Structures are given as structure tokens and as C-alpha cells.
Amino acid sequence: MTLRELVIAYLQHHVIVAYLALVAASASVFAWRPADVVPTVATITLVVVAYPLIWYALHRWVLHSQWMFKTPLLAGTWKRIHYDHHRDPNHLEVLFGALHTTVPTLLVVAAVPGWLIGGLGGAAAGFATGLLCTCFYEFFHCIQHLSYKPRVKWLAVMKARHMEHHFHDETGNFGITNFAWDRVFGTLYRRVERPAKSPTVFNLGYTDAVAVRYPWVAQRSHSAPARPRVADRTSRPSPDGG
């Protein structure tokens, strides 16, 4: 896959189209009820700075939690937003976040702080910033998972770290574009530092035995927890990436 093909696939996905449409709607709201310059800049800065930490926290303690699949009402959501992605890391249909989970989350973590800082205009600015940050993250997520081999070293290293999360040990490397919080919390690693492969890297702890007690994910999967259907060799950690 070339970079051009990756960009085209990315821009044609309905989730990205929806995000960009919401950015345009937010810009219209801001134009109608603009916030002052200082609250606007403060809101945008807050969202951009907080986004990596929020993503880290959600990824580590929500998406990789085991309490969601134990709850019938949340099992289906957990399956869609992360379990399916780990079962088949290169499956495009579940590569992007689900709108019914990402949009409400962004309203809470980006629009609400913006409202508190700058009213309706601040909320619009915060929401738009959160959406654009998500688009940025999703683009790099595509680079990490699709059959595109980065030529730039820092991109190759970033991809290697994320592929280690998916194909070696899911208990580390929770960042996407920013591994600063992995460093802070001690979850950043290279494959050579963890010789043993995690037995739950593809099922996130939802094993056959667990499925007997908590069957709701398995019932929706129509199959037992398994390895991904396709493992793209270009997506696996390379020796020069660590």
C-alpha cells in the first residue's frame, strides 16, 4: 500500500467523514457565537495537551479492562470498540472507533471543559479540537495497522511499538502517537525487553473458560476467542524498530 492509497482509504471511511462534518458544524456554531480569544486559545491548548493522557487512561483502564465484558449491557460495546480489534488487528472495519462511543466521550472531555471556559463558543472550539485530534490519531492508527511501511524512522519506531502491543504483549505501549504517558507509568517497552509473549494478546483475557461464565461477548461473536484471521507481516515489529 502506498501513502496515497492509505490517505484515500482513510478519507473515504464513514467515521472520518462524520468527524469532519462535525468539525464543520462546530466551526459554524463558533462563528455564530464566538468565544473571546483567550478562552478559545485556553480551550484548544487544554484539549491538545490533555488528549494523550485521556487516551492513555481510556485505553489502559477502560478498553483493556475486564469489568466491561462481565456486564451484559456493556459487553457488546467492549466487543466492538476493542475486543474485535485485538482479535483481528488489521481488519479495517473495526480499526476506527465507533461513533456512538467516541462522539459522546469527546462531548464530555472536550466540549464540556470548553463550555466552562468560554461558553457555547468555547464548547464548539473544544469539541472541534477533540475531533481533529481524533482524526490525527486515527490516521496514524491506519499507518500502524495497514500494509504501509513507513520510510521515516520515527514513524517506523512508532509503528513497531504499537504492533508490539497487538502481537506481543497488550499490557504495555498504550499510546498511539505519543508514548510519554507510557514512560511516566512504566508501560513503555520494546519486544526484546519482554521475551515471553502474552497468552492473552489476542483475546484480552476473554478466554474460553471466562466465556463460559460471562458468555455475552462469545454469543455476539458466534465463535470462541481466537487469533486474528490475517497477520500482515509489514505490521509486525521489525528488528530495526526494536
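Since the structure is predicted, the reported quantities are computational estimates derived from the model, not experimental observations.

Bringing a nonpolar patch on the surface into the picture now. On the surface, a nonpolar cluster with roughly 510 Å² of combined accessible area is contributed by Leu46, Val112, Trp115, Leu116 and Ile117. No other element matches helix α5 (residues 99-145), which puts four residues into the nonpolar patch. For Leu116, the location among the structural elements is in helix α5.

Further remarks concern the environment of Lys149. With respect to the helices, strands and loops of the structure, Lys149 is situated in the loop between α5 and α6 (153-167). The spatial distance from the C-alpha of Lys149 to the C-alpha of Ala18 is 27 Å, given a sequence separation of 131 residues.

So, on to the side chain of Asp169. Along the polypeptide, Asp169 turns up in the loop between α6 and α7 (180-185). On the basis of relative accessibility, which here comes to 10%, the residue Asp169 falls in the buried class. Polar side-chain contacts of Asp169 include one of 2.6 Å to the side chain of Thr171.

If you check the backbone angles, Asn173 has positive phi at about 55° while not being a glycine. Along the chain, the position of Asn173 falls in the loop between α6 and α7. Positioned with a positive phi, Leu204 is a non-glycine residue whose angle comes to about 55°. Taking the relative accessible area as the measure of exposure, Leu204 reaches 6% and is therefore buried.

Analysis parameters
Residues numbered from 1 in each chain as written. Predicted model: local features only at pLDDT ≥ 70, side-chain atom pairs only at ≥ 80, totals over all residues. Heavy atoms only, no water. Patch = residues over 30% accessible without salt bridge, like charges linked within 9 Å, V, L, I, M, F, W, Y side chains within 5 Å. Areas by Shrake-Rupley, 256 points an atom, 1.4 Å probe, with all protein chains shown as cover. Salt bridge = Lys/Arg side-chain N within 4 Å of Asp/Glu carboxyl O. Helix = DSSP H or I, 4+ residues; strand = E, 2+ residues; numbered from the N terminus. Buried < 20%, exposed > 50% of the residue type's maximum accessible area, 1.4 Å probe, protein only. Polar contact = N/O pair within 3.5 Å; in protein donor to acceptor, adjacent residues only side chain to side chain.

As far as function goes, none of this settles anything; it's purely spatial.
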